[in-house]
Amino acid sequence: MFFQHVYDKSLAQGSYVIGCQKTGEAIVIDAQRDIDVYIDIAKQNNLRITYIAETHIHADFLCGSRELAAVTNATIYLSDEGGEDWQYQFPHKGLKEGDIIRVGNLTLEVMHTPGHTPESISFLLTDHPATDKPVIVLTGDFVFVGDIGRPDLLEKAAGLAGTKEDGAKQMFQSLKKFAALPEYVQVWSGHGAGSACGKALGAVASSTVGYEKIRNWALQYSENEKGFIDYLLADQPEPPKYFAMMKHLNKVDRPLLIDVPKHPELTKEQFISAYEKGMKVIDTRNKVEFAKGFIPNTLNIQGNNSFATWCGWLLNYQEQFILVAEDSQMEDLTRKLMRIGLDNIFGYISDVNATGIELHTSDVISLEEFKTQIGKDNVQIVDVRGASEYEAGHVEGAENVFVGTLQDNLGKISKDKQVVIHCQAGDRSAIAYSILAKNGFKNVKNFSGGMKEWIAENGKTIGCNETSCTKA
């Protein structure tokens, strides 16, 4: 058996290439959209990609199954579970509980494991030349290392009211099926730490059923369905706005993007023309460099592992946009964006000074200056972290406006007071500063050290529960 885990750090997303070395057949499960990685793996290992499968209709990335099928002519296998509303709307071979996919001398048995989504399936892999017992379960977004898939995404991201409680009940039953597997079976999931598809995913790539029965919080509630549901639905992070679009595009027929596109470096004249017409500009430079000088009305989304996620929060799928990035970054940034379907890159520039536009600077303040702002009547302190982070502990007097929804909540930010923003360590507050500057807020200071520096120096926060806040 050939087995390779392909991991995209930018979305904390795992996919798999599994092959029979005797027959040369291979299957790819939950492929990312830039598919050359799978083509290269197959060539290097004398394999032919003959089958493609998905564990469910994904919300967090644009699955590349159809691109890969267009290049390899492989057969696509997808879940036909979950009822009429959860069927893929393009040609495929349907899978139900107990169905078998044969890949040479390997078999993958379908387990219907609803909860994260109604159609969700897992694959129980058996390497028959070695044994007739299963050795691996590929769980998708069902069971992670230390966590399980969240059932609230359909309601929060896709707007399907009333689905999270039903999903949680389904998840409780699906976990009984998982717990009944042999404890030695390896667990390989669809995500790792950093994914918004759960709230406490482990950083280890794989586990075993036995280890998860000991370690995973969800498997400690075997006789307490209400306690399980309450804990599962509490304190889930905000799902990025683009998740709803991913659910749609992964379900319906759509245009394919076989190759990673190359985008032009814009001339000064081309950039000025587009910029003056209002085209959105995303400055991918480091937050420190951005703060030293940026083109007015540009958004600072650093080109790191969180780049695609924040672009998914702040861009829409109908508008073109320009990147500020180095030549050497463009392929990586393009891949990150195409993995969530953001294909409308108009072009890029690499030097903000070459545009001739007068640059603005950010007002970044130190911890000492931040302390002087606390408690003043004419100062509004805004914590732009997520709600669960804020509730776990925050600076006294700070108001919470999450950066991902800041654009929709500008009315909560005062134009009459001095505004001081912060997050955990400065990345999100840099985004927030650029959003506020773009929307005409003049009196904004950014405490870039954030809660990390505050706690290290001061150690005092206020923690909140549903009814009150207490000093921590």
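For the structure, check the block above.
Because the structure is a prediction, the values reported are computed rather than measured.

Re unusual backbone geometry
The phi dihedral of alanine 12 falls on the positive side, at around 50°, and the residue is not glycine. Here alanine 12 lies in the loop between β1 (2–8) and β2 (13–19). Its relative accessible area of 3% is what places alanine 12 among the buried residues. Positive phi, normally seen in glycine, also occurs at asparagine 297, with a value near 75°. By the secondary structure assignment, asparagine 297 is in the loop between α9 (287–292) and β16 (299–300).

Here we look at the pattern of salt bridges
Evaluated as defined, the whole model comprises 24 salt bridges. As a salt-bridge pair, arginine 339 and aspartate 8 come within 2.8 Å of each other at their nearest N and O atoms. You can see arginine 339 sitting in the loop between α11 (330–338) and β18 (345–349) and its partner aspartate 8 sitting in strand β1, a full 331 residues away along the chain. Per residue, the accessibility class of arginine 339 equals that of aspartate 8, and both read buried. Between arginine 335 and glutamate 331 there is a salt bridge, and its shortest N-O distance comes to 3.1 Å. Separated by four residues within a single helix, arginine 335 and glutamate 331 lie in helix α11, roughly one turn from each other. Using a relative accessible area of 46% as the deciding quantity, one classes glutamate 331 as partly exposed. If you follow the salt bridges from partner to partner, you end up with Asp8, Asp34, Asp36, Glu331, Arg335 and Arg339 in one network.

Section: the environment of alanine 200
With respect to the secondary-structure elements, alanine 200 resides in the loop between β13 (186–189) and β14 (206–208). Residue class for alanine 200 comes out partly exposed when judged on its relative accessible area of 42%. For alanine 200 and isoleucine 35, which are 165 residues apart along the polypeptide, the C-alpha to C-alpha distance reads 29 Å. The residues touching alanine 200, leaving out its near neighbours within four places in the chain, are Val145, Gly146 and Asp147.

Digging into the packing of helix α10 (residues 307–314) against α11
Where α10 contacts α11, the two axes come as close as 9 Å, and the packing angle between them is 55°. In this view, α10 runs oblique relative to α11, as classed from their interaxial angle. Of the two elements, α10 crosses α11, and the hand of that crossing is right-handed. Residues Phe307, Ala308 and Cys311 of α10 form the contact with α11, whose own contacting residues are Leu333, Lys336 and Leu337. For the contact of α10 with α11, a count of residues per class yields five nonpolar, no polar and one charged.

Examining helix α6 (residues 225–233)
Burial in α6 covers these residues: Gly227, Phe228, Ile229 and Leu232. The secondary structure elements touched by the buried residues of α6 are β12 (147–148) and α4 (163–179). A positive phi of about 60° marks aspartate 235, the residue just after α6.

Cut-offs used in this document
- Residues numbered from 1 in each chain as written.
- Predicted model: local features only at pLDDT ≥ 70, side-chain atom pairs only at ≥ 80, totals over all residues.
- Heavy atoms only, no water.
- Helix = DSSP H or I, 4+ residues; strand = E, 2+ residues; numbered from the N terminus.
- Buried < 20%, exposed > 50% of the residue type's maximum accessible area, 1.4 Å probe, protein only.
- Salt bridge = Lys/Arg side-chain N within 4 Å of Asp/Glu carboxyl O.
- Contact = heavy atoms within 4.5 Å.
- Axes fitted to C-alpha atoms, helices over the stretch in contact; angles between N-to-C directions.
- Parallel < 35°, antiparallel > 145°, perpendicular 65-115°, else oblique.
- Left-handed = near helix turned anticlockwise from the far one by under 90°.
- Nonpolar A, V, L, I, M, F, W, Y, C, P; charged D, E, K, R; others polar.

These results come straight from atomic positions and should not be treated as a statement about function.
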